[in-house]
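Per-entry structural report
The chain contents come next:
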2 protein chains.
Amino acid sequence: MKFLSQDEAINCDVELFNEYQFSVDQLMELAGLSCAHVAAKEFAINSESSNNLALIVCGPGNNGGDGMVMARHLSLMKFKPTIYYPKKVDKPLFNGLMRQCELMDIEFIDKCPSVDEASKYRFIADGLFGFSFRPPIRDTFKDIMKLMCETNVPIVSIDIPSGWNVENGPEDESNSIKPYILISLTAPKKCAQHFKGIHYLGGRFVPPRLANKYLLDLPEYPGTELCVKLN
Amino acid sequence: MKFLSQDEAINCDVELFNEYQFSVDQLMELAGLSCAHVAAKEFAINSESSNNLALIVCGPGNNGGDGMVMARHLSLMKFKPTIYYPKKVDKPLFNGLMRQCELMDIEFIDKCPSVDEASKYRFIADGLFGFSFRPPIRDTFKDIMKLMCETNVPIVSIDIPSGWNVENGPEDESNSIKPYILISLTAPKKCAQHFKGIHYLGGRFVPPRLANKYLLDLPEYPGTELCVKLN
């Protein structure tokens, strides 16, 4: 399987929108849904007493949009997600995603939780930065990055572990997010080669022609599954 | 479980778009995906020699859009769909859906197949008319309606068996589509009470608040499933 460079990931994305004429709405819905499926499989709610609390961290880009879609689908699958979305984007798609979550009684919190406050969550979904991330990390995101580095709650990173170099992985091992699960979307990026946890592929929408052009050599998704475990 | 009147179905839909601010792109993607899952479950491809040919009939409304989304996801699950879309709609979303299918090498046929020509298909997905249908059937659609009434190939109707009265069911039993499978989207419409075949619910996106307001009393979707069999 191929691991994409940052430029390849950006080009793939541009091609899906320009050449294949997908809307962001379509692909974000499928991406976020596949992330919800991964979490539901790995953190199954077996009984009424299962801890179903999840913190969904949403950044200002499409990664954050994936996170809000994930939260909405999780709430339809008996989870109780809470969203931390420190830098809101005023675009129709993102306003709609927020609205849908609000009307599904998903709480948005304004203040970054402490390590102690966050310990109640079964998992934290990291939708802070995606494949177009370049350092430095802005001040707005420093508290939540610190929390995600310090917490013992399992982290589920969407596409990229936030703060990692998209190609080279963690810049500073001792001060980086160490996700429990990574969900690569479309295809894994180079940084995923440095990832040691549970690795899934999601975003079952890649046209075979695009996969061939970028030599993606993707694994088969079994049956109707929207995600596939890679290890 | 409640069966919606035509007005209730229209109001539910309007509310999802206006109040919940979903885009058509989002809900159509989820609806069409759930239809592809139903077909993949009921017409499983067990081996290389399984007949994987499907005819997807798309009308000019959102039902036809669901059909194109269904076709795209079927093609990602090893089916070989062919689309008959006799009245094309020149809107960005629909142009995009066509483009995606074309670039995934899904064939569009211009001529309605004969009963004999259609006999090669494993199933026919009926995305011709949806819940806003009111008679009469226009000339453009008469050939395909005749085919779907006369063929022995199993028909999978999306939301409404085309030509049926949305509330009262088939107007003329001897000259109506008799679907093998009906996939009700969001919630069943009144006509589904007259349906005797395999009945599924799809479109797992209904906010609980909306379900409560319309007293939908929907069944639970198991696990991460996007569709649920009702009988």
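Residues numbered from 1 in each chain as written. Chains lettered and ligands numbered in written order. Predicted model: local features only at pLDDT ≥ 70, side-chain atom pairs only at ≥ 80, totals over all residues. Heavy atoms only, no water.

**Observations concerning the overall build of chain A**
Our working definition: Numbering of helices and strands runs from the N terminus; a helix is a DSSP stretch of H or I covering at least four residues, while a strand is a stretch of E covering at least two. Put simply, the radius of gyration uses C-alpha atoms, and a globule should come to 2.2 Å times the residue count raised to 0.38. Note on exposure labels: buried denotes an accessible area under 20% of the residue type's maximum, exposed denotes more than 50%, and partly exposed covers the range between, all computed with a 1.4 Å probe on protein chains only. Note on contacts: a residue pair is in contact if any heavy atoms of the two residues lie within 4.5 Å. Residue-level accessible areas treat just the shown protein chains as cover; the underlying method is Shrake-Rupley with a 1.4 Å probe. His is not counted, nor are the chain ends; Lys and Arg add positive charge and Asp and Glu add negative charge. Charged side chains are reduced to one point each, which is NZ for Lys, CZ for Arg, CG for Asp and CD for Glu.
When helices and strands are tallied, chain A shows seven helices and eight strands. A globule of 231 residues ought to have a C-alpha radius of gyration of about 17 Å, and chain A, at 16 Å, matches this closely. When the backbone C-alpha atoms are referred to their principal axes, chain A occupies close to 45 × 35 × 35 Å. Here chain A holds 231 residues, and 58% of them are scored as buried. In chain A, the proportion of contacts linking residues at least 24 apart, taken out of those at least 6 apart, comes to 75%. Here chain A displays about 9500 Å² of accessible surface, and carbon together with sulfur accounts for 47% of that area. Across chain A, the mean location of the 24 positive side-chain charges is 1 Å away from that of the 29 negative side-chain charges.

**Focus on helix 2 (residues 24–42) of chain B**
For clarity, the threshold we go by: By definition here, a helix of n residues has an expected span of 1.5 Å times n minus one.
If you check helix 2 of chain B, its first and last C-alpha atoms are 27 Å apart, about what 19 residues at 1.5 Å a residue would give, namely 27 Å. With 16 of its 19 residues buried, helix 2 of chain B lies for the most part within the structure.

**Considering the packing of helix 2 (residues 24–42) of chain A against helix 4 (residues 92–103) of chain A**
Residues and elements named next belong to chain A. Note the following rule: Comment: axis = line fitted to C-alpha atoms, over the contacting stretch for helices; angle = value between 0 and 180 degrees taken between N-to-C directions. Any angle between 65 and 115 degrees counts as roughly perpendicular, while under 35 counts as roughly parallel, over 145 as roughly antiparallel, and the rest as oblique. By convention the crossing between two helices is left-handed if the near helix lies anticlockwise of the far one by an angle smaller than a right angle, and right-handed if it lies clockwise. For this classification, Asp, Glu, Lys and Arg are treated as charged, while Ala, Val, Leu, Ile, Met, Phe, Trp, Tyr, Cys and Pro are nonpolar and the rest, including Gly, are polar.
Across the interface, helix 2 lies against helix 4 with an axial gap of 11 Å and an inter-helix angle of 40°. Taken together, the axis directions place helix 2 and helix 4 in an arrangement best described as oblique. The element helix 2 and its partner helix 4 pack so that their crossing is right-handed. In this structure, helix 2 contributes V24, D25 and M28 to the contact, and helix 4 contributes L93, F94 and L97. Class assignment for the residues of the contact of helix 2 with helix 4 results in five nonpolar, no polar and one charged.

**What about the environment of A211 of chain A?**
Residue and element names in this part refer to chain A. One can find A211 in helix 7 (residues 208–213). Residues A211 and Y180 lie 31 residues apart in sequence; the distance between their C-alpha atoms is 27 Å. For A211, the contacting residues outside a window of four places in its chain are V206 and L216.

**Let's talk about the relation of the copies chain B and chain A**
As a reminder of what qualifies: Least-squares fitting of one copy onto the other uses the C-alpha atoms of those residues that reach a pLDDT of at least 70 in both copies.
You can overlay chain B on chain A at an RMSD of 0.0 Å; the transform is a turn of 180° with a shift of 0.0 Å along its axis. Taken together, the turn and the small shift mark the pair as related by a two-fold rotation axis. Comparing interface residues between copies, 100% of those in chain B also lie at the interface in chain A; the contact surface is shared.

**A word on the pattern of salt bridges**
Keep this limit in mind: Any carboxyl oxygen of Asp or Glu that lies within 4 Å of a side-chain nitrogen of Lys or Arg is treated as forming a salt bridge with it.
One pass over the structure, following the stated rule, counts 22 salt bridges over all chains. Across the pair K78 of chain B and E220 of chain A runs a salt bridge whose closest N-O atoms are separated by 3.5 Å. Taken together, the residues span two chains, with K78 of chain B in the loop between helix 3 (62–76) and strand 2 (80–84) and E220 of chain A in the loop between helix 7 and strand 8 (227–229). On the basis of relative accessibility, which here comes to 48%, the residue K78 of chain B falls in the partly exposed class.

**Concerning the sheet that holds strand 8 (residues 227–229) of chain B**
Either a parallel or an antiparallel arrangement is found when strands of a sheet pair, and the pairing is made through backbone hydrogen bonds. Residues and elements named next belong to chain B. For the record, the criterion: A strand pair is defined by DSSP finding two or more bridges across the two strands.
Spatially, the eight strands line up as an open sheet ordered 3-2-1-4-5-6-7-8, and their pairing is mixed. The outermost strands of the open sheet, each flanked by one partner alone, are strand 3 (107–109) and strand 8. Taken over all neighbouring pairs, the strand axes of this sheet differ in orientation by 25° on average, direction set aside. Sheet topology places strand 7 (residues 198–202) next to strand 8; three bridges connect them, and they run antiparallel. By the bridge assignment, L201 is partnered in strand 8 with V228. The sheet strands contacting helix 2 are strand 4 (123–127), strand 5 (155–158), strand 6 (181–185), strand 7 and strand 8, and the helix crosses strand 6 at an angle near 155°.

**Here's the deal with the interface of chain B and chain A**
Here is the rule we go by: Note on definitions: buried area is the accessible-area loss of two parts on being combined, 1.4 Å probe, summed for both. Two N or O atoms count as a polar contact when they lie within 3.5 Å, although within protein this holds only if one can serve as hydrogen donor and the other as acceptor, and sequence-adjacent residues are included solely when both atoms are side-chain atoms.
Chain B puts 37 residues into the contact, and the matching count from chain A is 37 residues. For the pair chain B and chain A, the summed buried surface comes to about 3200 Å²; carbon and sulfur atoms form 57% of the total. In terms of surface lost to chain A, no three residues of chain B exceed Q26, L103 and T224 of chain B, which account for 17% of the buried area on that side. Linking chain B with chain A are six salt bridges. In this structure, R209 of chain A and D105 of chain B form a salt bridge, with 2.4 Å as the shortest nitrogen-oxygen distance. Inspection of the region where chain B meets chain A yields 20 residue pairs in polar contact (both at pLDDT 80 or more). Across the side of chain B that touches chain A, the residue classes tally to 15 nonpolar, ten polar and twelve charged.

**Examining the environment of N18 of chain B**
Residue and element names in this part refer to chain B. Relative to the helices and strands, N18 resides in helix 1 (residues 6–18). Judged by its relative accessible area of 56%, N18 is exposed. In sequence terms N18 and F141 are 123 residues apart; their C-alpha atoms lie 31 Å from each other.

**A look at the UniProt feature "domain: YjeF N-terminal" (unreviewed entry) in chain A**
Worth spelling out the cut-off: UniProt positions are given in the numbering used here, feature names are shortened, and annotations may be inferred rather than shown by experiment.
This chain's UniProt record puts "domain: YjeF N-terminal" (unreviewed entry) on residues 9–218 of chain A. The distance separating the terminal C-alpha atoms of residues 9–218 of chain A is 14 Å; by composition the span is 36% helix and 16% strand.

**Concerning the side chain of Q6 of chain A**
Residues and elements named next belong to chain A. Structurally, Q6 is set in helix 1 (residues 6–18). A distance of 3.0 Å separates a polar atom in the side chain of Q6 from a polar atom in the side chain of R134. Setting aside anything within four residues of it in sequence, one finds Q6 in contact with F131, S132, F133, R134, V166 and E167.

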